[in-house]
Amino acid sequence: MTKEGRIRTLAAVMFTDMVGYTALMQEDEQKAKENRDRHRKVLEESALKHRGRIVQYYGDGTLSIFGSAIEAARCAVEIQKMLRSEPKVPVRIGLHVGDVVNEEEGVYGDGVNVASRIESLSVPGGILVSERVFDDIKNHPELPAKSLGKFELKNVKRPVEVFALTNAGLAVPSSQELRTKTGPSFRSIAVLPFVNMSADAENEYFSDGISEELINALTRVDGLHVTSRTSSFAFKGKQEDIRQIGAQLNVSTVLEGSVRKAGDKVRITAQLVNTADGYHVWSEVFDRRLQDIFEVQDEISRKIANRMREKLAGSEIKEPLVRSHTRDLEAYNLHLKGLYYWNKWTPEDINKALQCFEEAIQKDPDFALPYAGLAWSYSYLGLMGQMPSREVFPKAKEAALKGLELDETLAETHVALGLVKMFYDWDWDGAFSSFDRALKLNPGAADVHKSYAMYLWAVGKLEEAVNESELAVQLDPLSLPIRNHLACAYLFAGQNDEAIEQSDKVLEMDPTFRSALEFKGMAYLQKGEIDRSIELFEEYQKLTKDPLKGMAGLGYAYARAGRLEEARECLEKLKRREQIDKNVGLSMDFAAIYAGLGDSDKVFYYLEKAYEQRYGILYLKCHPAWNDLRADPRFRNILKKIGLEK
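For clarity, every value in this text was computed on a predicted model and none was experimentally measured. (Residues numbered from 1 in each chain as written. Predicted model: local features only at pLDDT ≥ 70, side-chain atom pairs only at ≥ 80, totals over all residues. Heavy atoms only, no water.)

An account of the overall build of the protein chain is requested, with residue identities and associated values reported.
A count of helices and strands for the protein chain gives 28 helices and 14 strands. For 646 residues, the compact-globule estimate of 2.2 N^0.38 gives 26 Å, and the C-alpha radius of gyration of the protein chain, at 27 Å, lies within 12% of that figure. By residue count, 54% of the 646 residues in the protein chain fall in the buried class. For the protein chain, contacts bridging at least 24 residues in sequence account for 62% of all contacts bridging at least 6. Just so you have it, the protein chain exposes about 28800 Å², and 47% of that area is on carbon and sulfur atoms. (Helix = DSSP H or I, 4+ residues; strand = E, 2+ residues; numbered from the N terminus. Rg over C-alpha atoms; globule rule 2.2 N^0.38 Å. Buried < 20%, exposed > 50% of the residue type's maximum accessible area, 1.4 Å probe, protein only. Contact = heavy atoms within 4.5 Å. Areas by Shrake-Rupley, 256 points an atom, 1.4 Å probe, with all protein chains shown as cover.)

Which residues make up unusual backbone geometry, and what values go with them?
Cis peptide bonds are those with omega within 30 degrees of zero, and the linkage from glutamate 86 to proline 87 qualifies with -5°. Tracing the backbone shows proline 87 in the loop between α3 (69-84) and β4 (91-103). Residues other than glycine seldom take positive phi values, yet tryptophan 426 does so here, at roughly 55°. Residue placement: tryptophan 426 occurs in the loop between α16 (411-425) and α17 (428-441). Judged by relative accessible area, which is 10%, tryptophan 426 ranks as buried. Even without glycine at this site, lysine 545 takes up a positive phi of about 55°.

Now, about helix α23 (residues 530-543): what can you tell me, with residues and values included?
An ideal rise of 1.5 Å per residue puts 20 Å on 14 residues; α23 measures up with 20 Å between its terminal C-alpha atoms. Buried residues of α23: Ser533, Ile534, Leu536, Phe537, Tyr540 and Gln541, and no others. Each buried residue of α23 sits inside an arc of 165° when the element is viewed along its axis, so together they form one side. α23 presents Asp531 and Lys542 as exposed residues on the side facing more than 90 degrees away from its buried surface. In this fold, the buried residues of α23 make contact with α22 (514-526) and α24 (552-560). (Expected span 1.5 Å × (residues − 1). Arc of directions from axis to C-beta.)

If you had to explain the environment of methionine 588 to someone new, which residues and values would you point to?
Locating methionine 588 in the fold gives a position in helix α26 (residues 587-597). Spatially, the C-alpha atom of methionine 588 lies 34 Å from that of glycine 444, the residues being 144 residues apart in sequence. Once you skip the residues sitting within four places of it in the chain, methionine 588 turns out to touch Leu607, Ala610, Tyr615, Gly616, Ile617, Leu620 and Trp626.

Would you mind going over the packing of aromatic side chains in detail, with residue names and values included?
Summed over all chains, the structure comprises 17 aromatic pairs. Considering the side-chain rings of phenylalanine 492 and tyrosine 619, the 6.1 Å spacing of their centres and the 45° angle between planes classify their relative orientation as tilted. With phenylalanine 492 in helix α20 (residues 480-492) and tyrosine 619 in the loop between α27 (600-613) and α28 (633-641), this pair connects stretches of sequence that are 127 residues apart. A relative accessible area of 7% means that phenylalanine 492 is categorised as buried. Note on tyrosine 619: relative accessible area 18%, which makes it buried. Where tyrosine 594 meets tyrosine 606, the ring centres are 5.9 Å apart and the plane angle is 10°; that geometry is what we call stacked. Separated by 12 residues along the polypeptide, tyrosine 594 in helix α26 and tyrosine 606 in helix α27 bring together distant segments of the chain. An identical accessibility class is assigned to tyrosine 594 and tyrosine 606; each is buried. (Phe/Tyr/Trp six-rings, centres within 6.5 Å; stacked < 30°, edge-to-face > 60°.)

Below, the structure written as structure tokens:
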């Protein structure tokens, strides 16, 4: 007891709030009062049952305290369950465990403030809880929850990780929904592509490379949210207002600049800008020799981090964020050219990237970075069916292992090795170790989270995959492949409406992004809307601009709709393509159409072929196309052979 009448205790705090009460009062006062009374009655009954106590009413809201976070969470679930039945009452709920001060006038303290802020983030029919509550309930399977990320809350010193309870029937908001309520964190930055001011326009690869190196360096600063490359580079060559860029990327600061390279000299200008008002927080000009390029990158990164360190609640950053990987400038230039082509993401450019990375290694065999690029490029060609798996994945593995031998701290090399272990070796423990190491080395890299989500799909951890995919989107919100991965994660987790919504967001940015049409079509198929599904698969096929491509999803949908003749036409086209494209793996395409036709013998014939080719077979556990086959012993046998079933 701190003084007379004041007692400080540790308690689980629950805030509830009716949504739309004020507007309803204006439209139908009687209905609003009935809803309020029902809300209070349900809460009073549930709180008493779960040993809680209502300490304050706030018109359309309440504050309650409990001696146990578990009881508070159970009470919250019961409240939402009861209020979902008629007459429905839309209510938000937030929970936190913390110190509270009991006085005659009421209950106060940080625990109350945090619970209130969390409740304000919630949605009608949803329950959000803090990390402290999650720690108490995580071993209780009747209270499942998923992380939505860390958020800055008003009058709360440090970011709070927020979780949503995911019991059946509860509304679960996306992380992005919560971001729109909290606004950008001061701990957030986007590095725009530096402008090439050199006389030679071909030096663009160099200015792009500088920008990318700065992004990679800043992701290593603990507590700093850094927008990934794809989203930052979406503004390349555009004259958009900094405030608009900040709003689109949900960041509070932007780093922009220019690079002028002449002979062995380089001039880099850099300015850190506040997106709220366009104010220049810091700017500087760096005149250096090219030989010192790594040092100047490190100097810029540390100056930015130290400018923001008060807000990051950390000490001054003195250790290097950028390391000097090579003293051979020609090798470094070739590596940057390789990255330039790699980021164009077409088979033709990937092959150009391969050549650049190989030439960089020839110039300096001890330069670790191009080995990572080499491993990624070979893996891409194998995953996209551009080259036989048995030819490219061993090369990818050799490059990754050599890169790690030279520098074990490169997250991208660990990811490249993880992809090989997953897609070719079927070494699931080894793949997890690689992805886990990459996440620890660079937790702010969107591609690391995206790749780890792919692993989680394969092993059947679908809710975790959704969490990782949502985090990747937060880090790289304008990346089409990453948003598309989130749509896929929702589809595999059975969240078909969310898959459709996310696919639509991809298609808004690029109506020709075929893969989004594919996931959207499959989601509609799972919802039983087969005609709409077929329309989308037909649109997908047209976008291939090849009469023999895009047959798998379309043939599967035709078969599910009972349009058997059209499904068999798709099979015939696949056979013609197989004769023409000898190196392209089509076994899974055949298997999908036969799955739609219900011909299980043919399905398993082609699944065995895919197993032998080591191509495209990893997502049997999660893809809905195989749902009808899971009870077949042959299905389990294949999963055993690739290590996904014991």
